[in-house]
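Architecture at a glance
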Amino acid sequence: METATQHRGLDREAVESYWKDGYLFPLSGLSEKEARAARMELEALEREWLDNGLPLPLNTYKRVNAHVVIPMVARLSRTPAILDAVEGILGPDILIYAAELFIKEARTKQIVTMHQDLTYWGLGAIDGMVTAWLALSPASPESGCMDFVKGSHKNPILPHEDTFDANNLLSRGQEVKVDVAPEDRVPIVLQPGEFSLHHGLTIHGSGPNVSDDRRIGVVVRYIRPDMKQETGMRDFVMAARGEDRFRNFEHLPAPESNFSVESLAIYDEIRAEQTKILMRDAKGSSSVYG
Ligand SMILES: O=C(O)CCC(=O)C(=O)O
């Protein structure tokens, strides 16, 4: 396990707490005003593009690799305060591995079963990946905020079971085969503009949104450039900060306009490659992967 040697944007205590617990929150990413503006921009995009002839459902683009086709997601993935905190964990060289919008509409049954992110990604049980979850609306137990299990990142990748449940926001509906006691679930309450960080092995999940508002999370996975795709298949990143001296991943351009022809073509290529990695050995199919 890493130790607290780097701490730009995070003090030593915060870095130590991340490595001890496997997560850190709440951290400030955007002001309330900036978070409101980002939510308005997203909701304008949803109105404009919901029924606008996209090759795949809008929800697929939002849920997987949104940074490839939506400039605001690429921009939010490079939010300076988030990168400063990530730098405290990963060091100065940071790549964006994935960015996703995890949205639960008001009063819906969608959940995320307890899981470890790194299970199917082919990157191994690594310390060099951290996820930032940025709230654009209140994340609370009522709205279905994430729950983390403290210290669970010290486990290896544990066995998971695929459920392919339609109410599960995960691609395979995967669930870790471990009983998590309700008292071991730490609710990650965030106000709009705040974010949490979690380790790729931290066991986490979230319940349904029983509130009257949408629960909107911008979820960005950052890696150090020395990480590798262990399956030997092609894999992709977008530059965030510092340098990539390893070139273990193919670099993607940040999109310049929403769903441009070029970015949609890149999106399809990545989706086809990542489906091979993420859905390998799957016994069912996913609505977001092929
Ligand atoms: O948004 C959620 O409820 C879960 C997100 C998640 O699993 C993740 O960020 O790794």
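Scroll up for the structure.
Report on the accompanying structure. (Residues numbered from 1 in each chain as written. Predicted model: local features only at pLDDT ≥ 70, side-chain atom pairs only at ≥ 80, totals over all residues. Heavy atoms only, no water.)

Along its length, the chain carries seven helices and 13 strands. Looking at the chain as a whole, 57% of its 290 residues are labelled buried. Contacts spanning at least 24 positions in sequence make up 82% of the contacts within the chain whose residues lie at least 6 apart. With the model as given, the accessible surface of the chain reaches about 12,500 Å², and the carbon-plus-sulfur share is 50%. (Helix = DSSP H or I, 4+ residues; strand = E, 2+ residues; numbered from the N terminus. Buried < 20%, exposed > 50% of the residue type's maximum accessible area, 1.4 Å probe, protein only. Contact = heavy atoms within 4.5 Å. Areas by Shrake-Rupley, 256 points an atom, 1.4 Å probe, with all protein chains shown as cover.)

Here we take up unusual backbone geometry. For the bond running from Phe25 to Pro26, omega is -15 degrees, close enough to zero to count as cis. In this fold, Pro26 is placed in strand 1 (residues 23-28). Of note, Arg107 is a non-glycine position whose phi angle comes to about 50 degrees, a positive value. Here Arg107 falls in the exposed class, since its relative accessible area comes to 57%. Non-glycine residue Phe259 carries a positive phi angle of around 50 degrees. Topologically, Phe259 is positioned in the loop between strand 13 (250-251) and helix 7 (261-278). Note on Phe259: relative accessible area 5%, which makes it buried.

Take the pattern of salt bridges next. According to the stated counting rule, one finds 23 salt bridges in the structure shown. One salt bridge connects Lys62 with Glu46, and the closest N-O pair in it is separated by 2.8 Å. In this pair, Lys62 is assigned in helix 3 (residues 58-63) and Glu46 in helix 2 (residues 32-49), connecting sequence segments 16 residues apart. For Lys62, a relative accessible area of 9% corresponds to the buried category. Linking Arg214 and Glu105 is a salt bridge whose minimum nitrogen-to-oxygen distance equals 2.8 Å. Here the residue Arg214 occupies a position in the loop between strand 10 (204-206) and strand 11 (215-223), and Glu105 occupies one in the loop between strand 2 (94-104) and strand 3 (112-115), the gap between them amounting to 109 residues. Classification of Glu105 by relative accessible area gives partly exposed; the value is 33%. Several salt bridges share partner residues, and in doing so they unite Arg39, Glu43, Glu46, Lys62, Glu105, Asp213 and Arg214 into one network. (Salt bridge = Lys/Arg side-chain N within 4 Å of Asp/Glu carboxyl O.)

Spanning 18 residues, helix 2 covers 26 Å between terminal C-alpha atoms, matching the ideal 26 Å at 1.5 Å per step. Among all positions of helix 2, only Ala35, Ala38, Arg39, Leu42, Glu43, Leu45, Glu46 and Trp49 are buried. What you see down the axis of helix 2 is that its buried residues fit within an arc of 155 degrees, all on one side. Facing away from the buried side of helix 2, by more than 90 degrees, are the exposed residues Lys33, Met40 and Arg47. Tucked into the core, helix 2 has its buried residues touching helix 3, helix 5 (71-77), strand 2 and strand 11. (Expected span 1.5 Å × (residues − 1). Arc of directions from axis to C-beta.)

Okay, empty space enclosed by the protein next. For the structure on display, the rule yields one cavity of 30 Å³ or more. Each pocket or cavity is described by its volume, and for the largest cavity that value is around 410 Å³. Here the element with the most residues in the lining of the largest cavity is strand 2; it accounts for four residues. A breakdown of the residues in the lining of the largest cavity according to their chemical character gives 14 nonpolar, nine polar and six charged. (1 Å grid on protein atoms, 1.4 Å probe; cavity = no way out; pocket = protein on both sides within 12 Å on 5 of 7 lines; lining within 4 Å. Points joined across faces, edges and corners; volume = space filled by probe spheres on them. Nonpolar A, V, L, I, M, F, W, Y, C, P; charged D, E, K, R; others polar.)

In this section: the packing of aromatic side chains. Here the structure, examined in full by the defined rule, presents eight aromatic pairs. Relative to Phe25, the ring of Tyr23 has its centre 6.3 Å away and its plane inclined at 45 degrees; by these criteria the two rings are tilted. Linked through ring pairs, Trp49, Tyr61, Phe259 and Tyr267 together constitute an aromatic cluster. (Phe/Tyr/Trp six-rings, centres within 6.5 Å; stacked < 30°, edge-to-face > 60°.)

All right, on to the side chain of Gln229 then. Positionally, Gln229 belongs in the loop between strand 11 and strand 12 (236-241). The buried category is assigned to Gln229, whose relative accessible area is 9%. A distance of 3.0 Å separates a polar side-chain atom of Gln229 from the backbone oxygen of Trp121. For Gln229, the contacting residues outside a window of four places in its chain are Tyr97, Trp121, Gly122, Leu123, Asp235, Phe249 and Ile277. (Polar contact = N/O pair within 3.5 Å; in protein donor to acceptor, adjacent residues only side chain to side chain.)

Glancing now at the pairing of strand 12. Most of strand 12 is tucked away, with five of its six residues classed as buried. When strand 2 meets strand 12, the two strands line up antiparallel, connected through three bridges. Bridge pairing in strand 12 places Leu95 opposite Ala239. (Pairing = 2+ DSSP bridges.)

Along the chain, Asp93 falls in the loop between helix 6 (80-90) and strand 2. Residue classification places Asp93 among the buried residues on the basis of a relative accessible area of 15%. For Asp93, the side chain forms a polar contact with the main-chain nitrogen of Glu243, separated by 2.8 Å. Ignoring anything within four residues of it in the chain, the contact list for Asp93 reads Ile223, Arg224, Pro225, Arg241, Gly242, Glu243 and Arg245.

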